Amino acid sequence: AEATLKFPKDGGVPDVRFDQLLGALLALVPRFKFVLPPYFLNNARALGTLEGMAKSADPNFNILAVVYPYSMSRMLANPNASPVIRKVIREIATDDVTGKPSTRKLIDILNDVASLTGMSKIKIALDALAHAEGRALAASCVLQ
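Quick summary incoming for the structure in this document. This one's a predicted model, so the numbers in the text were calculated from it and none came from an experiment. All residue numbers refer to positions counted from 1 along the written sequence of the respective chain. In keeping with the predicted nature of the model, local features appear solely for residues at pLDDT of at least 70, side-chain atom pairs appear and are counted solely at 80 or more, and the whole-chain, interface and lining totals rest on all residues. In computing side-chain values, all of the structure's heavy atoms are included and hydrogens and water are not.

For any two helices packed against each other, one specifies the inter-axial angle together with the distance between the axes. Packing of helix H1 (residues 18-32) against helix H2 (residues 38-57) leaves a shortest axis separation of 8 Å and a crossing angle of 150°. In terms of orientation, H1 lies roughly antiparallel with respect to H2. Of the residues in H2, those in contact with Phe 18, Asp 19, Leu 22, Leu 25 and Leu 26 of H1 are Phe 40, Leu 41, Ala 44, Arg 45, Leu 47, Gly 48 and Glu 51. Charged means Asp, Glu, Lys or Arg here, nonpolar means Ala, Val, Leu, Ile, Met, Phe, Trp, Tyr, Cys or Pro, and polar covers whatever is left, Gly included. Broken down by class, the residue content of the contact of H1 with H2 amounts to eight nonpolar, one polar and three charged. A fitted line through C-alpha atoms serves as each axis, taken over the contacting stretch for helices, and the angle formed by two N-to-C directions is quoted from 0 to 180°. Secondary structure elements are taken from DSSP: a helix is a run of H or I of four residues or more, a strand is a run of E of two residues or more, and numbering for both begins at the N terminus. The labels follow the angle: roughly parallel below 35 degrees, roughly antiparallel above 145, roughly perpendicular from 65 to 115, and oblique for the rest. The contact rule is simple, with two residues in contact once any of their heavy atoms fall within 4.5 Å.

Structure representation (structure tokens):
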């Protein structure tokens, strides 16, 4: 993790090196005998290439700071009503001890996203509530 993620001392967005991340992931494939679909490898290579191009133009470019807010928004939008995405969202916000949706975990996630992205907590919360999945998640925590 140290080679692929560099955590800044100020607690900001970690810097991800996709080329190194891909290398580490490929080293695990034979050990755990799982198969990566070809599109995954193609997408990872493309991200590594684009990251390299962006870093050559701006050495401070951090792809995670760009991708993270988009991926969270996309996950909360869940445009295809994927049950897998819905399950992941529920698991993220579920208390490990009680097994029920947790307001505390949602607040922790909100704080983490704000810290990682530099976005205000209000903007993040409003963005989440703009999507049906975000509203359903908030409602399930409030009703507990």
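Pairing between side chains of opposite charge can happen when the charged atoms of each approach one another. Whenever Lys or Arg places a side-chain nitrogen within 4 Å of a carboxyl oxygen from Asp or Glu, that contact is recorded as a salt bridge. Applying the stated criterion to the full structure yields five salt bridges. Linking Asp 127 and Lys 123 is a salt bridge whose minimum nitrogen-to-oxygen distance equals 2.9 Å. Of this pair, Asp 127 and Lys 123 both sit in helix H6 (residues 121-129), four residues apart, roughly one helical turn. What makes Asp 127 partly exposed here is its relative accessible area of 30%. Burial classification: accessible surface area is computed with a 1.4 Å probe over protein chains only, and a residue below 20% of its type maximum counts as buried, one above 50% as exposed, and the rest as partly exposed.

It is worth spelling out the environment of Tyr 68 at this point. Secondary-structure assignment places Tyr 68 in helix H3 (residues 63-77). When sequence neighbours within four positions are dropped, the list of residues in contact with Tyr 68 reads Val 113, Leu 116 and Thr 117.

Now for a nonpolar patch on the surface. Nonpolar side chains (Val, Leu, Ile, Met, Phe, Trp, Tyr) are joined into patches within 5 Å and like charges within 9 Å, using only residues with over 30% relative accessible area and no salt bridge. Accessible surface area values rest on a Shrake-Rupley calculation with a 1.4 Å probe, where residue burial reflects the displayed protein chains alone. Together, Leu 28, Phe 32 and Phe 34 make up a nonpolar patch on the protein surface, roughly 270 Å² of accessible area in all. Among the residues examined, Leu 28 registers a relative accessible area of 36% and is labelled partly exposed.

Okay, the nonpolar core next. Here, nonpolar core means buried Ala, Val, Leu, Ile, Met, Phe, Trp, Tyr and Cys residues that are tied together by side-chain atoms lying within 4.5 Å of each other. If you look at the biggest cluster of nonpolar residues, it comprises six residues: Met 75, Leu 76, Ile 89, Ala 93, Ala 128 and Leu 137. If we skip the residues at most four places from it in the chain, Ala 93 touches Lys 100, Pro 101, Ser 102, Lys 105, Leu 106 and Leu 137. If you look at the next biggest cluster of nonpolar residues, it comprises five residues, including Val 29, Leu 36, Leu 41 and Ala 44.

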